[in-house]
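Listed below, chain by chain, are the residues.
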Amino acid sequence: MSKWKVWAASAVAVVAGAGSAAAQSTDFGPITVKTTGGTTEAVFVVDPSATGVATLDLTYAGDVRGNQNNEEVRVFIDGNLLATLNPTPTDCTSTGRQTLAISATDYATAAADGSIVVTFDTGSRVQPNACDNANFDYVDPFTAFTDDSTGFVVQGRFTPPLAAPLASGGPGSTESQVASVAGMRGGLSLLYTPDPQDRIDRLDGRAGRGSVSVAGLGLLETDGVDLQVDRDHLAFSSGAMAAQDFTFWSEGAIVQVDDGAFDDGRFYIIHAGIDRRVGDRALVGLSLQVDHLNTTNAATDDEYDGRGWMFGPYGTMRLRDALYLDGRLAFGQVATDVTLGAGGAEEYDSDRALLELRLTGATALRSLTVEPYAELNYYSEESDAFGAVAATETDISQGVLGGRVSREIAYSNGVLVPYAEAAMLYSEVASDATLATGSYAQGIDGVSAEIELGTSFANPNGTAWSFNLRHHLGDDISSTGLWVDLTLPF
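This text gives an overview of the structure that appears in the document.

Once that is clear, we can look at the overall build of the protein chain. Along the backbone of the protein chain there are four helices and 27 strands. Of all 490 residues assigned to the protein chain, the portion counted as buried reaches 49%. Of the contacts formed within the protein chain by residues at least 6 apart in sequence, a portion of 63% connects residues at least 24 apart. For the protein chain, the exposed area adds up to about 21900 Å²; of that, 56% sits on carbon and sulfur atoms.

Here it is in structure tokens:
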């Protein structure tokens, strides 16, 4: 028995935006039987999850026991009879053409092991060395066969059914990718929010603290620029500029995102705002957030490029000495372009909202300053439907408990402040689509912890610098970075 093996015959390609796969036809042959009682077969590797009817489009010729009528070649699928072929005429002067359908039931049974075996059995009827004619009428895409020693020749095209479509919102679906991208954008927006300590400093009339996460010397009153750098993070803050009773400020960051589901993630964010003090106990303002997230799904090579904005009010209130309540509310939109790995492009829009509340305290413990804080944060993003992709909503609810312990050491030329900070974060990421396994959005779901060690130095003319080491550990995610802050007066 001769065999023609066609491996990877039923490779599938992802349909743009539909979350399903299209079947790919495979040509095979020519394969032959040269001896009496011979059989020949073709083996195709297939997708067991595919459902529906498969087809065999055959072109064949042969001399089946001379020129007698009612003679046939039997075709089997994994040993089960599918159909018979009647070569006409039987002297091999021309070819027959026949399309055979493999029912959904027969295909499912045969494809369960991941392959389909098609066998052509001539029994004892084939006459070897009979097909010595050169005028075979092969039809495109088949090619002529001129081996005059054969008794039966067949070539054809196998077309498997469509692969089973991915469940809308299920693992691997486009909805899952959209939700995971929204969760990544939301988690990073909550992480790289304007630092509330800056607002506390402005409320109290203090200059920047020169710490890792505290930027901000006034451009007119206490001019300065702050730069933060670590392995995966570059951030800046222009500080504040006072114009009469108003303060203008800006901050920004560039973040490298690494997870198990997306490659080459990069997040850019800029904050800018204006605020003023209201009496001695409150500060109110408006802020604008502009961000850009670019990331590529590792499994499908689909690239997501989203640009968005958020705008809203914020405020800080001193409840009593060394106890502050801070809040921020923002609404906005995101426009995302999708470049599909399988070819083509899509786009969709999203509406989003953010709410942040923080309570910060400060107390002296001998020579130490202890600053505990608690946060409640919320982010929601609703993405519109596009193509065959359903609309999705992704929400992040987050609670944070943390604190900083620092000590001021005075020198003749400035103040050195070593400190340690730790925080426990609990986040719940909810979506009506399944989050991609290994994604950033899935990784921040649950408990994570953050530890920070650093020191800062500020001299009387306003120049300040600081260094710290931060380690963040969560469910299958971790990050470690060395941060550098530099503040220079103008």
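Pairing is antiparallel across the open sheet formed by four strands, whose spatial order is S4-S11-S6-S9. Either end of the sheet is taken by a strand with one partner, and the two such strands are strand S4 (26–33) and strand S9 (96–102). Looking at each pair of strands side by side, their axes are set apart by 20° on average, direction ignored. Across seven bridges, strand S6 (residues 54–62) lies against S9 in antiparallel orientation. If you follow Thr55 over to S9, its bridge partner there is Ala101.

What follows deals with the pattern of salt bridges. What the rule picks out here adds up to nine salt bridges. A salt bridge links Glu375 to Arg358, with the shortest nitrogen-to-oxygen separation between them at 3.0 Å. Of this pair, Glu375 sits in strand S21 (residues 368–383) while Arg358 is found in strand S19 (residues 345–361), placing the two residues 17 residues apart along the sequence. Accessibility assignment for this pair places Glu375 and Arg358 in one class, buried. One salt bridge in this structure joins Arg404 and Glu421, with 2.9 Å as the shortest N-O distance. Of the two residues, Arg404 is situated in strand S22 (residues 392–406) and Glu421 in strand S24 (residues 414–431); the sequence distance between them amounts to 17 residues. The class of Arg404 is buried, set by a relative accessible area of 7%.

If you look at the biggest cluster of nonpolar residues, it comprises 33 residues, and the most contacted ones within it are Met184, Leu188, Val255, Val257 and Phe267. Sorting the residues of this core by element identifies helix H2 (174–191), strand S14 (246–257), strand S15 (262–278), strand S17 (303–320), strand S18 (323–339), S19 and helix H4 (440–443) as the ones contributing at least two each. Counting residues per element, this core draws most heavily on H2, at six residues. For Val257, the residues in contact, after removing those within four places along its chain, are Met184, Leu188, Gly265, Phe267 and Tyr440. Membership of the second largest hydrophobic core comes to 27 residues, among which are Val75, Leu85, Phe120 and Phe152.

On the surface, a cluster of negative charge is contributed by Asp337, Glu347, Asp349, Asp351, Glu382 and Asp384. Here the negative patch gets three residues from one element, more than from any other, and that element is S19. Position of Glu347 among the secondary structure elements: in strand S19. Since its relative accessible area comes to 55%, Glu347 is described here as exposed.

Moving on: the packing of aromatic side chains. Summed over all chains, the structure comprises three aromatic pairs. On the basis of an interplanar angle of 25° and a centroid distance of 4.5 Å, the ring pair of Phe44 and Phe158 is categorised as stacked. Here the residue Phe44 occupies a position in strand S5 (residues 39–45), and Phe158 occupies one in strand S11 (residues 152–159), the gap between them amounting to 114 residues. Given the relative accessible area of 0%, Phe44 is considered buried. Relative to Phe386, the ring of Tyr348 lies with its centre 4.9 Å away and its plane at 10°, an arrangement referred to as stacked. Remark: Phe386 occurs in the loop between S21 and S22 and Tyr348 occurs in strand S19; sequence separation between them is 38 residues. Accessibility classification places Tyr348 together with Phe386 in one group, the buried group.

In a regular helix each residue adds 1.5 Å, so 18 residues correspond to 26 Å; H2 covers 26 Å between its end C-alpha atoms and thus fits that length. In terms of residue burial, H2 counts as a mostly covered element, since 17 of its 18 residues are buried.

Turning next to the environment of Ile269. With respect to the helices and strands, the residue Ile269 is situated in strand S15. Sequence separation of Ile269 and Asp291 is 22 residues, and the distance between their C-alpha atoms is 4.2 Å. Dropping the residues within four chain positions of it, Ile269 is found in contact with Tyr192, Glu251, Gly252, Ala253, Gln289, Val290 and Asp291.

On to helix H3 (residues 196–203), then. Of all eight residues making up H3, eight are buried, and the element is well covered by its neighbours. Along H3, the residues classified as buried are Pro196, Gln197, Asp198, Arg199, Ile200, Asp201, Arg202 and Leu203.

Where nonpolar side chains cluster on the molecular surface, the patch consists of Ile270, Leu286, Leu288, Val290, Trp309 and Phe311 and spans about 530 Å² of accessible area. Among the elements of the structure, strand S16 (282–297) and S17 are those that each provide at least two residues to the nonpolar patch. Top element by residues in the nonpolar patch is S16. It accounts for three residues. Position of Trp309 among the secondary structure elements: in strand S17.

This paragraph deals with the environment of Asp263. With respect to the helices and strands, Asp263 occurs in strand S15. Its relative accessible area of 37% is what places Asp263 among the partly exposed residues. On a C-alpha basis, the gap between Asp263 and Thr296 in space is 5.1 Å, while along the polypeptide they are 33 residues apart.

Turning our eyes to something else, we now look at the environment of Ser383. Tracing the sequence through the fold places Ser383 in strand S21. Distance in space between the C-alpha atoms of Ser383 and Ala182 is 8.3 Å, their sequence separation being 201 residues. What Ser383 contacts, discounting residues up to four positions off in sequence, is Val178, Tyr348, Asp349, Ser350, Ala391 and Thr392. Reaching out from Ser383, the side chain makes a polar contact with the side chain of Ser350 at a distance of 2.9 Å.

With twelve of its 16 residues buried, S16 lies for the most part within the structure. Pairing analysis gives 15 bridges linking S15 to S16, with the strands arranged antiparallel. Residue pairing in the sheet places Phe262 in a bridge with Asn297 of S16. From the end of S15 to the start of S16, which pair antiparallel, there are three residues, and Gly279 there has a positive phi angle of about 70°. In this structure, S16 lies alongside S17, joined through 15 bridges in antiparallel fashion. Each bridged residue has a counterpart across the sheet, and for Leu286 the counterpart in S17 is Pro313.

Scoring rules and cut-offs
- Residues numbered from 1 in each chain as written.
- Predicted model: local features only at pLDDT ≥ 70, side-chain atom pairs only at ≥ 80, totals over all residues.
- Heavy atoms only, no water.
- Helix = DSSP H or I, 4+ residues; strand = E, 2+ residues; numbered from the N terminus.
- Buried < 20%, exposed > 50% of the residue type's maximum accessible area, 1.4 Å probe, protein only.
- Contact = heavy atoms within 4.5 Å.
- Areas by Shrake-Rupley, 256 points an atom, 1.4 Å probe, with all protein chains shown as cover.
- Pairing = 2+ DSSP bridges.
- Axes fitted to C-alpha atoms, helices over the stretch in contact; angles between N-to-C directions.
- Salt bridge = Lys/Arg side-chain N within 4 Å of Asp/Glu carboxyl O.
- Core = buried A, V, L, I, M, F, W, Y, C linked by side-chain atoms within 4.5 Å.
- Patch = residues over 30% accessible without salt bridge, like charges linked within 9 Å, V, L, I, M, F, W, Y side chains within 5 Å.
- Lys, Arg positive; Asp, Glu negative; His and termini not counted.
- Charge placed at Lys NZ, Arg CZ, Asp CG, Glu CD.
- Phe/Tyr/Trp six-rings, centres within 6.5 Å; stacked < 30°, edge-to-face > 60°.
- Expected span 1.5 Å × (residues − 1).
- Polar contact = N/O pair within 3.5 Å; in protein donor to acceptor, adjacent residues only side chain to side chain.

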